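These are the residues of each chain, in order.
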Amino acid sequence: MARILITSALPYINGIKHLGNLVGSQLPADLYARYMRARGHEVMFICATDEHGTPAELAAAKAEQPVDIYCAEMHETQAALARGFKLSFDHFGRSSSARNHALTQHMAGRLNAAGLISEVSEKQVYSNADRRFLPDRYIEGTCPNCGYERARGDQCENCTKQLSPTDLVEPHSAISGSTDLEVRETKHLFLRQSTLRDKLDAWIDTKTDWPILTTSIAKKWLHDGDGLRDRGITRDLDWGIAVKDGDNDWPGMEGKVFYVWFDAPIEYIAATAEWADANGLDDAAWRRWWREDEGADDVRYVQFMGKDNVPFHTLSFPATQMGANFDGSEPWKMVDYIKSFNYLNYDGGQFSTSQGRGVFMDQALSILPSDYWRWWLLSHAPESNDSEFTWENFQASVNKDLADVLGNLVSRVTKFCRSKFSEAVPEGGDMGAPEAQLIADLTSRIRSYETLMEGMEVRKSAAELRAIWALGNEYLQEAAPWSVFKTDPAQAAMQIRLALNLIRLYAVLSKPFVPDAAAAMMDAMGADDWRWPEDISDALTTLPAGHAFTTPDVLFSKITDEQRDDWAARFSGVRA
RNA sequence: GGGCCUGUAGCUCAAUGGUUAGAGCAGGGCGCUCAUAACGCCUUGGCUGGGGGUUCGAAUCCCUCCGGGCCUACCA
C-alpha cells in the first residue's frame, strides 16, 4: 500500500467555474484519487478556493458585498458544486483560512532567514478614484504603437506589443474609467528565486517522466533571457495575508499583503492542516503528508492543473519549499509528478468566465446528472491537445457509451432474469469455454485499464473501460441465453448468473468515472462489495445463486435531439 | 517579435524511425430479438496540412511555407 498525496489546482473565487476549468484539474484529480483509493492506497486529496487578489476584490465590489462575505458565500457555492460533481476531496479548504495565514507568514519568515527575500522600491500606478494600486492590465488607454483604444497596460491585444502603463496615451482605470491616476513609489518584497535557478534546473532535470508540456514551460522560464527572474511576492491590497516575518511584524510592510500566487500553493499544505482540524486530529496527522522528516518520505505527491498554472508549480512554489529548507531543518514534500492539461474549447471558441461563454458547473448540473458530464469530460480530456465541446458530440458519446453500451447491458440482463427466472441470481449450469474466454479477455483488459489509470492516461483509460463494458454485450450475443433457455434452462441460468456478477464487477471498475451509476448498479445487485478484482474469475462468483437483486430503473436516459438543440441554443450566448 | 505545442478518416482521437497508419462515433451490409429502436459481426473511408531533404525505411527526424493554440513573468 502506497501513500498518495493529490492536489488539484485551486479554483479562483471570483465566480462559478466552467467545464473547462473542471476538466483541467479537479475532475481528473478526482478520477485518480478515486482509483487509488479503490486499489487500497492511502490517499489525501486536497483542493481549496483561491481567494485573494485584485479580481476577488473587484468581484465582491460588483456583487456589492464585503470581500470576506463574498468569498465565504462563493466558497460555499463552489463546495456545493464540487459535491454535486462528486469530487471526493478529503478537504476543500480556503486560502483565506487561519491555517494559511500562519503558514504563509511562517514560510516568508523562513525565506527571509535564508536570505532569499529582498526589498525593492518601485513605481506603480495608483488610482485615486478607485483608491487602489492598479495592476498593469487594469489600466487601459490608447496603444502608442497601433492606436488601438482599449490597449491594456501590459500588452496591446490588437498589435501584441508589450507595453508598460506609462506608455499608454490617455490612460485610465479599467475599473472605474477614472483618469485620475498617478505614479507612486511603493516598496515590495521579492523572492530571490534567481539564486535558486541551478537547484531548480537540476531538480527539473530529474523529472524525466513529466509531460513535455510541463518541463518545456519550466525550462523556458529558467533559461529565457537572463534566466529565472526574482518575483514580487507582496501587493498593496486590503484583502489577503498580512506581510509578516514569521510571527513578527515586517517593518516597512505595514498594510501590505502577500501576493496571491505566493500564498495559493502554500494552501495545499494549509488545507491539509484544515483537514486535520476539521477531523479533530493533531498536527502530526497532516505533517506526515508534508514533512519528509515527519513521515512524508514515502509519500508520492501528484499535482493536477491546466497548462497556465505550470510556471508557478514548477518554479515559484518549489523555490518557496526549497528556500524554506535552506538549513535542512524543514524538508517539505515536493511534487513528484505534474499532470497538466490543455484547454477545452466550447463550440468553436474558448470557454470564458469573464465573458460568460460556455457551460458553467451550476448550469451543467441543472440539466443532467453529474455522471454524464464526468464521462464526457474525462473521455475527452484535453491531454495532448486542446479539445472541443460540441453538443452533437456530447449527445452522441453519452448516448452511445453510457445509455447503449453500459446502461442497456444492465437493463437487458436484469429484465431477462426477472422474466425468465426471478429477481434472484439463478442456480444451475456450469461454465465452459465461452466463459473462460470472457474471463481471459476481461483479465487482459482490466490489467491494461489498471496500467493506464496508474499512468493517468485519462482518455485511454476511458476507452479501455468502455471496451470492458462492451465485452459484456459481446458475451451475451455469443451465449444467447434467450435461445439457450428454451432447450437448456440450467445453462441459461449460468450465463445470466455470470452476467449479473458482471454488473457488480462493472460497478467497481466504473466507480472512478461514474460514481453514481456505479452505486446504482451495486445497489441493484443487492451488494456492497467494492473490493478491486484481483482475480476476475473469483470476482464473477461474488453473487451466489439465490442472491436477491432488483431490476433498476433506466441507468442513463438518452439525450434527445430536442434537448440537444434546446441546450445548444440556450448556452450559445452570454451568461446572464 | 521570441519560445513552445499542434495539424492523421466526415467527427473525436491513437500509433519506441520498422509489416498493409489504427480505435470509437457517423455511413453501408448482415445477423439477433433478452434489452433504453438497444446488442453483435462484417465493411466503406487516408497523398498523415503543402513542398523539399536525411534514411534501406518517415505520421515520426531536419528545413521551409500555410493553418490552429498556449506562454511571454503585475489576471489568476
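Remember, it's a predicted structure, so these values are computed and weren't measured experimentally. (Residues numbered from 1 in each chain as written. Chains lettered and ligands numbered in written order. Predicted model: local features only at pLDDT ≥ 70, side-chain atom pairs only at ≥ 80, totals over all residues. Heavy atoms only, no water.)

A. Representation of the protein's contact with RNA strand B in the model. Close to RNA strand B lie 55 residues, the nearest being R137, Q350, S384, N408 and K415. The sugar-phosphate share of atoms of RNA strand B within 4 Å of the protein amounts to 69%. One of the side-chain N or O atoms of Y259 is found 3.1 Å from a phosphate oxygen in RNA strand B. A distance of 2.3 Å separates a phosphate oxygen of RNA strand B from a polar side-chain atom of K415. Elements represented by at least two residues in the surface near RNA strand B include exactly α2 (54-62), β4 (117-127), α6 (212-223), α7 (260-278), α12 (391-420) and α14 (458-479). Among the elements that make up the surface near RNA strand B, the one with the highest residue count is α12 (ten residues). For the surface near RNA strand B, the class distribution of residues is 16 nonpolar, 18 polar and 21 charged. (Near = heavy atom within 4 Å. Polar contact = N/O pair within 3.5 Å; in protein donor to acceptor, adjacent residues only side chain to side chain. Helix = DSSP H or I, 4+ residues; strand = E, 2+ residues; numbered from the N terminus. Nonpolar A, V, L, I, M, F, W, Y, C, P; charged D, E, K, R; others polar.)

B. A look at the UniProt feature "binding site: ATP" (unreviewed entry) in chain A. According to UniProt, the positions carrying the feature "binding site: ATP" (unreviewed entry) are T353. As for its placement among the helices and strands, T353 is situated in the loop between β18 (349-350) and α10 (361-367). Residue class for T353 comes out partly exposed when judged on its relative accessible area of 31%. Beyond its immediate sequence surroundings of up to four residues, T353 is in contact with H18, N21 and F360. (UniProt positions renumbered as here; feature names shortened; annotations may be inferred. Buried < 20%, exposed > 50% of the residue type's maximum accessible area, 1.4 Å probe, protein only. Contact = heavy atoms within 4.5 Å.)

C. Main features of the packing of helix α11 (residues 370-379) against helix α17 (residues 515-524). At a closest axis distance of 7 Å, the pairing of α11 and α17 adopts a crossing angle of 120 degrees. Compared by their axis directions, α11 and α17 come out oblique. Side by side, α11 and α17 meet where S370, D371 and R374 of the first sit next to P515, D516 and A517 of the second. Here the contact of α11 with α17 is built from residues that sort into two nonpolar, one polar and three charged. (Axes fitted to C-alpha atoms, helices over the stretch in contact; angles between N-to-C directions. Parallel < 35°, antiparallel > 145°, perpendicular 65-115°, else oblique.)

D. Up close: the layout of surface pockets. Approximately 180 Å³ is the volume attributed to the second largest pocket. P211, I212, L213, Y337, K339, S340, N342, E383, S384, G455 and E457 are the residues that line the second largest pocket. If you list the elements that add at least two residues to the lining of the second largest pocket, you get α6 and β16 (337-341). If you tally residues by element for the lining of the second largest pocket, the top one is β16, at three residues. The residue inventory of the lining of the second largest pocket, partitioned by class, reads four nonpolar, four polar and three charged. (1 Å grid on protein atoms, 1.4 Å probe; cavity = no way out; pocket = protein on both sides within 12 Å on 5 of 7 lines; lining within 4 Å. Points joined across faces, edges and corners; volume = space filled by probe spheres on them.)

E. Empty space enclosed by the protein, seen in detail. What the rule picks out here adds up to five cavities of 30 Å³ or more. By volume, the largest cavity amounts to about 80 Å³. Contributing to the lining of the largest cavity are L191, R231, G232, I233, Y259, W261, F262, P265, S316, F317 and T320. Those elements that place two or more of their residues in the lining of the largest cavity are β10 (231-232), α7 and α9 (310-324). Split into classes, the residues belonging to the lining of the largest cavity amount to seven nonpolar, three polar and one charged. Shared between two domains, the lining of the largest cavity holds at least three residues of each, these being domain 1 (3-105 + 259-372) and domain 2 (115-201 + 221-249). (Domains from an automatic or database assignment.)

F. Region of the structure containing the sheet that holds strand β19 (residues 387-389). Taken together, the three strands give an open sheet; going across it, the order is β18-β17-β19, and neighbouring strands pair in mixed fashion. This sheet does not close on itself; its edge strands, each paired only once, are β18 and β19. Taken together, the three bridges between strand β17 (residues 344-346) and β19 define a ladder with parallel strand orientation. Bridge pairing in β19 places Y346 opposite F389. (Pairing = 2+ DSSP bridges.)

G. Spatial organisation of the side chain of H188. For H188, the location among the structural elements is in strand β9 (residues 181-191). Within the local environment of H188, its side chain forms a polar contact with the side chain of D236, the two groups lying 2.9 Å apart. Ignoring sequence-local partners within four residues, the contact set of H188 consists of S118, E119, V120, E122, Q124, T234, R235, D236, M253 and K256.

H. Here's a closer look at the sheet that holds strand β3 (residues 91-94). Ordered in space as β3-β2-β1-β15-β16, the five strands form an open sheet in which the pairing is parallel. Only two strands of the sheet have a single neighbouring strand rather than two, namely β3 and β16. Strand-to-strand twist in this sheet, taken as the mean axis angle between neighbours without regard to direction, amounts to 20 degrees. By the bridge criterion, four bridges tie strand β2 (residues 42-49) to β3 in an arrangement that is parallel. If you follow A48 over to β3, its bridge partner there is G93. Against the sheet, helix α8 (residues 283-290) engages β1 (3-8), β2 and β15 (299-306), with an angle of about 85 degrees to β1.

I. Spatial organisation of the nonpolar core. Ranked by internal contacts, the top residues of the largest apolar core, which has 173 residues, are W373, L442 and Y506. Setting aside residues no more than four positions away along its own chain, Y506 makes contact with L406, L409, L442, I468, W469, L471, G472 and M521. Judged by nonpolar contacts, the second largest core, of eight residues, contains L134, I139, C143 and C156. (Core = buried A, V, L, I, M, F, W, Y, C linked by side-chain atoms within 4.5 Å.)

J. Region of interest: the side chain of H18. Along the chain, H18 falls in the loop between β1 and α1 (19-38). Excluding its chain neighbours within four sequence positions, the residues that come into contact with H18 are F351, S352, T353, V359, F360 and M361.

K. Region of the structure containing the packing of helix α5 (residues 197-205) against α9. It is the contact of α5 with α9, at a shortest axis distance of 10 Å, that shows an interaxial angle of 115 degrees. It follows that α5 is roughly perpendicular to α9 by the angle criterion. In this structure, α5 crosses over α9, and the sense of that crossing is right-handed. Taken together, the residues of α9 that come into contact with α5 (itself represented by K199, L200, W203 and I204) are T314, L315, P318, A319 and M322. Looking at the contact of α5 with α9 residue by residue, the classes come out as seven nonpolar, one polar and one charged. (Left-handed = near helix turned anticlockwise from the far one by under 90°.)

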